[in-house]
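Examination of the molecular architecture
These are the residues of each chain, in order.
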Amino acid sequence: MIDTVFITGTGRSGTNLLKDIFSNHSDVASLPFESRYTVDPDGVFDFLRSYTSWSPFLANKKINRLTDLLKSLAHRNEATYDNEDVNVKEPYADWELNKWIPGYYDSVLQLETELCTFTYEARYPGSNTHEVHTMDYYSYQKEIVEKVLKNFLENCNEAIRKDKDCKLLIEDNTWSFIYSNEIMRLLPNSMLIFMMRDPRDVISSMKNQRWTPNNTSDLITYYSDLMKVWEEQKQKISEQSYMEIRFEDLIADSNEVLRLICRAINLDFEEGMLDQDMSKSNIGRYVRDLQQEEIEMIEVALKDTLEKYEYV
């Protein structure tokens, strides 16, 4: 029984729109923002993937980074730092997951406790002082760590569903697909929906984002690598655990595409899902935003992707 759906893809427009559409469903819960605690550096999925490299001290360091991130997301803070003489808010300053996920902070503390096998007094390796610290020891056995992470995510997701009195949670961190294998290992009752969009439109959009390159040649490499990761991740999970939806098909035939998704995730279709403004789809934006030589560069470099997803 599917209880969590990860809407993911290379671009924000498609994932955000589909999340908003399903949020109109009476039996679907979602958060009004990207939660980040799973996909960001040092987040749950990143930590799990990196735990293959282990030593007692490395595990201590990695788990401290994980729990520090999770705790930083619990409550809003007003901390700032100087960036070239400009005061900038700390990352995650406006996050307060404890407000949106009932019991979130307690779940973080539980995770922290369950991950620790025992504590002991010691000095840091290489230290030339006699200062003694309390050290935590974490198991080498990955299955133990996976079980704790699985319980943590299930507790958080169930808290959201229960709070909203819904049976299905929609999660739309854009690049969740990078961790498809980790998602299915920790949350096997999940489905990934990969929102595909014309690569030329994606690159056109990325060119105006603050978190991506603004050079078309660099963006081709950037986009191409993301798609390579998706192709690799698809090989590690079952075909029943994901589906690919073209953004353009969602706009052109919303009724049919949404019914198709509903059947795949065992959710009754509701007409209210269609009460969503889809007029600002920006399909074909690359024609006006990019120079002809840029378009030709993309079409040559991404010929296989354009053909595979029928954008030619």
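Below you will find a few notes about this structure. (Residues numbered from 1 in each chain as written. Predicted model: local features only at pLDDT ≥ 70, side-chain atom pairs only at ≥ 80, totals over all residues. Heavy atoms only, no water.)

Quick word on helix 6 (residues 142–164)
Since there are 3.6 residues in each turn of an α-helix, residues three or four apart along the chain are aligned in direction. The criterion, for reference: Numbered from the N terminus, helices here are DSSP runs of H or I no shorter than four residues, and strands are runs of E no shorter than two. A helix is expected to reach a length of 1.5 Å times the quantity of its residues less one. Relative accessibility under 20% of the residue-type maximum defines a buried residue, over 50% an exposed one, and the middle range a partly exposed one, all with a 1.4 Å probe and only protein chains included.
A rise of 1.5 Å per residue sets the reference length of helix 6, with its 23 residues, at 33 Å; its end C-alpha atoms lie 33 Å apart and thus fit the reference within 8%. Every buried residue of helix 6 is listed here: Lys142, Val145, Glu146, Val148, Leu149, Phe152, Leu153, Cys156, Asn157, Ala159, Ile160 and Arg161.

Details of the environment of glutamine 141
With respect to the secondary-structure elements, glutamine 141 resides in the loop between strand 6 (133–138) and helix 6. For glutamine 141, a relative accessible area of 40% gives the class partly exposed. Put simply, glutamine 141 and threonine 305 are 164 residues apart on the chain and 39 Å apart in space, counted from C-alpha to C-alpha.

Some words on the pattern of salt bridges
Keep this limit in mind: Any carboxyl oxygen of Asp or Glu that lies within 4 Å of a side-chain nitrogen of Lys or Arg is treated as forming a salt bridge with it.
Applying the stated criterion across every chain yields a total of 25 salt bridges. The shortest N-O distance in the salt bridge between arginine 161 and aspartate 3 comes to 3.9 Å. Linking arginine 161 in helix 6 with aspartate 3 in the segment before strand 1 (4–9), this pair joins segments that are 158 residues apart in sequence. On the accessibility criterion, aspartate 3 (22% relative accessible area) is partly exposed. Across the pair aspartate 289 and arginine 285 runs a salt bridge, and its minimum N-O distance is 2.9 Å. Salt bridges sharing common partners tie together Arg12, Lys19, Glu34, Arg36, Asp40 and Asp172.

Details of helix 1 (residues 12–22)
Let me state the cut-off plainly: Residues are treated as being in contact if the distance between any of their heavy atoms lies within 4.5 Å.
Three or more residues of helix 1 are buried, namely Gly14, Thr15, Leu17, Leu18, Lys19, Ile21 and Phe22. Each element contacted by the buried residues of helix 1 is listed here: strand 1, strand 2 (28–30), strand 7 (168–171), strand 8 (190–196), helix 10 (247–252) and helix 11 (254–264).

Section: the packing of aromatic side chains
Applicable threshold: Under the pairing criterion, centres of Phe, Tyr and Trp rings, with the six-membered ring standing for Trp, must be within 6.5 Å; the plane angle then separates stacked pairs below 30 degrees from edge-to-face pairs above 60, leaving the rest tilted. Here, a charge over a ring means that NZ of Lys or CZ of Arg falls within 6 Å of the ring centre while also lying within 35 degrees of the ring normal.
Applying the stated criterion to the full structure yields 16 aromatic pairs. An angle of 55 degrees between the planes, with centres 6.2 Å apart, marks the rings of phenylalanine 118 and tyrosine 120 as tilted. Judged by its relative accessible area of 41%, phenylalanine 118 is partly exposed. Look at tyrosine 120 and you get partly exposed, because its relative accessible area is 27%. Taken together, Trp54, Phe118, Tyr120, Tyr137 and Tyr140 form an aromatic cluster joined through their ring pairs. Across the ring face of tyrosine 311, the terminal group of arginine 246 is positioned such that the distance to the ring centre comes to 4.7 Å.

Quick word on the nonpolar core
The test is simple: Here, nonpolar core means buried Ala, Val, Leu, Ile, Met, Phe, Trp, Tyr and Cys residues that are tied together by side-chain atoms lying within 4.5 Å of each other.
Among the nonpolar cores identified, the biggest contains 64 residues, and Tyr37, Val44, Leu70, Ile101, Tyr104, Leu149 and Phe152 are the most heavily contacted of them. When residues in this core are grouped by element, the largest group, eight residues, is from helix 6. Setting aside anything within four residues of it in sequence, one finds tyrosine 37 in contact with Gly43, Val44, Leu70, Leu73, Leu97, Ile101, Tyr104, Phe152, Leu153, Cys156 and Asn157. By size, the runner-up hydrophobic cluster in this structure holds 26 residues, among which are Ile2, Ile7, Ile245 and Phe247.

The analysis is restricted to geometry; functional conclusions fall outside its scope.
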